[in-house]
Amino acid sequence: MALLEAEQLRKRFGGVAAVDGVSFAVAAGERVALIGPNGAGKSTCFNLVGGQLAPDEGHVRLHGHEVTGTPPRGLFRLGVGRTFQVAAAFASMSVVENVQLALLSRAGRAFGALARAVTAFRAEARALLLRTGLDALADRPCGQLAYGDVKRLDLALALANQPRLLLMDEPTAGMAPAERHALMALVSAIARESGLAVLFTEHDMDVVFGHADRILVLDRGRLIAAGDAATVRADPEVKRLYLGEAAEGPS
């Protein structure tokens, strides 16, 4: 059974079908990229899965259970993590304290004064930082981090919930090329080791073709191609509608 299933999702805004009958699945341990040119509907589709939007029609299932229209907080409790295009953290707090707060949230414990984070879940937080390559920066204020390290922290915060599904919205946006591949290689390793399912949107085609097990291509709200990198590269519609634009840097 797939960990995530999207079935015949549809969403209209006025007279425009932003998502028009899209179906796909993501298995445990699989990394799936959702791509398409501007206006293709990928952001809308991603937000239908992540609960930011409710579909007009269709279904979203997690481990076979209906979660259609469940808001993000409800999905969080069901084991769905998310990173964001613009990563955010408490700038005045240290890296490890930010992760401790995320662990406190997962445990459902009210932390009241932020000072309580100094002792709670510190060992678990350090383990997450070690896994994401941030252990040496654990005591540094987040406001002093380089942008690539902020992105790694965003990943650590998402992993603090021990998600079964990780949704990543433009995970490498704003990063240098070498940092992009290092981050996605880390995500790939975690997915393989833990059986984490990953669905991500991404504009960098080198990242997509280098790190996705499968690629879903949208155009005008419809799924026009799906498969591994070789299959998608060879698809004539993808070449015409998307890859030709990629050389110019689609936004």
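Quick caveat, the model's predicted, so the values are computed rather than measured.

1. Quick look at the packing of helix H3 (residues 95–106) against helix H4 (residues 122–131)
Remark: H3 packs on H4, axes separated minimally by 9 Å, with the N-to-C direction vectors making an angle of 115°. Comparing the axis directions of H3 and H4 gives the class roughly perpendicular. Pair H3 / H4 crosses with right-handed handedness. Residues Val-95, Val-96, Val-99, Gln-100 and Leu-103 of H3 form the contact with H4, whose participating residues are Arg-122, Glu-124, Ala-125, Arg-126, Leu-128 and Leu-129. A class-by-class count of the residues in the contact of H3 with H4 yields 7 nonpolar, 1 polar and 3 charged.

2. As for the nonpolar core
In this structure, Val-99, Leu-129, Leu-153, Leu-155, Val-198, Phe-200 and Ile-215 are the most contacted members of the largest nonpolar core, which totals 51 residues. When sequence neighbours within four positions are dropped, the list of residues in contact with Leu-129 reads Val-95, Val-96, Val-99, Leu-134, Asp-135, Ala-138 and Ala-156. Membership of the second largest hydrophobic core comes to 26 residues, among which are Val-19, Val-49, Val-60 and Ala-197.

3. Comments concerning the packing of H3 against helix H5 (residues 147–159)
Interhelical geometry of H3 versus H5 gives an angle of 25° and a closest axis separation of 8 Å. The angle between H3 and H5 places the two elements in the roughly parallel class. In this structure, H3 meets H5 at a crossing whose hand is right-handed. Contact with H3, carried on its side by Val-95, Asn-98, Val-99 and Ala-102, involves Leu-153, Ala-156 and Leu-157 of H5 and no other residues of that element.

Cut-off values and rules
- Residues numbered from 1 in each chain as written.
- Predicted model: local features only at pLDDT ≥ 70, side-chain atom pairs only at ≥ 80, totals over all residues.
- Heavy atoms only, no water.
- Axes fitted to C-alpha atoms, helices over the stretch in contact; angles between N-to-C directions.
- Helix = DSSP H or I, 4+ residues; strand = E, 2+ residues; numbered from the N terminus.
- Parallel < 35°, antiparallel > 145°, perpendicular 65-115°, else oblique.
- Left-handed = near helix turned anticlockwise from the far one by under 90°.
- Contact = heavy atoms within 4.5 Å.
- Nonpolar A, V, L, I, M, F, W, Y, C, P; charged D, E, K, R; others polar.
- Core = buried A, V, L, I, M, F, W, Y, C linked by side-chain atoms within 4.5 Å.
- Buried < 20%, exposed > 50% of the residue type's maximum accessible area, 1.4 Å probe, protein only.

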